[in-house]
Amino acid sequence: MDAVLAKKSKPKLKKPKRFQVILLNDDYTPMEFVVEVLMQFFSKNEPSANAIMLKIHLDGEAVCGIFSFDVAQTKSTQVIDFARQNDQPLMCVIRELDA
Ligand code: TYC
């Protein structure tokens, strides 16, 4: 009986997509509020929260974390809800990495 050789199939594993959560600068949200957001929602310590806040203030935006789509979306919504509850215009967006 002839041997049947199974063709070696390539593993079809796709890399999971990653999403940056980005805070945007504005002229109104207090710096201390942004530092609080970075500590509360992105688990930053105070020096690193301060550094990220200043980068946003100077450059217009900064990446606060990289997550799966669901986590990124949830964080962004939570930050915007928290800002609106406190009457702040702070904006948070997500951006796909390597898209
Ligand atoms: N630019 C704001 C101010 O001068 C501070 C600020 C920083 C606002 C970061 C938003 O994502 C932000 N009060």
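Residues numbered from 1 in each chain as written. Predicted model: local features only at pLDDT ≥ 70, side-chain atom pairs only at ≥ 80, totals over all residues. Heavy atoms only, no water.

**Q** I'm lost on the site of the ligand in this one. Help?
**A** Residues in close proximity to the ligand include Leu24, Asn25, Asp26, Thr29, Met31, Val34, Ile56, His57 and Leu90, which together make up its full environment. Asn25 is positioned with one of its side-chain polar atoms (N or O) 2.7 Å from a nitrogen atom of the ligand. Separating a nitrogen atom of the ligand from a backbone N or O atom of Thr29 is a distance of 2.9 Å. Burial of the ligand by the protein amounts to 89% of the accessible area it has alone, namely 350 Å². (Near = heavy atom within 4 Å. Polar contact = N/O pair within 3.5 Å; in protein donor to acceptor, adjacent residues only side chain to side chain. Areas by Shrake-Rupley, 256 points an atom, 1.4 Å probe, with all protein chains shown as cover.)

**Q** Could you clarify how one ought to interpret the environment of Leu90 in this entry?
**A** Here Leu90 lies in the loop between α3 (69-85) and β3 (91-96). With relative accessibility at 2%, the residue Leu90 sits in the buried group. On a C-alpha basis, the gap between Leu90 and Val21 in space is 13 Å, while along the polypeptide they are 69 residues apart. Those residues in contact with Leu90 that lie beyond four places of it in its chain are Leu23, Leu24, Asp26, Thr29, Phe33, Val34, Val37, Val79, Ala83 and Arg84. (Helix = DSSP H or I, 4+ residues; strand = E, 2+ residues; numbered from the N terminus. Buried < 20%, exposed > 50% of the residue type's maximum accessible area, 1.4 Å probe, protein only. Contact = heavy atoms within 4.5 Å.)

**Q** How do you make sense of unusual backbone geometry when you look at a structure like this?
**A** The phi angle of most residues is negative, glycine excepted, and most peptide bonds adopt the trans form. Despite not being glycine, Ser43 has its phi angle at roughly 55°, a positive value. Topologically, Ser43 is positioned in the loop between α1 (31-42) and α2 (46-59). For Ser43, a relative accessible area of 67% gives the class exposed. If you check the backbone angles, Asp87 has positive phi at about 55° while not being a glycine.

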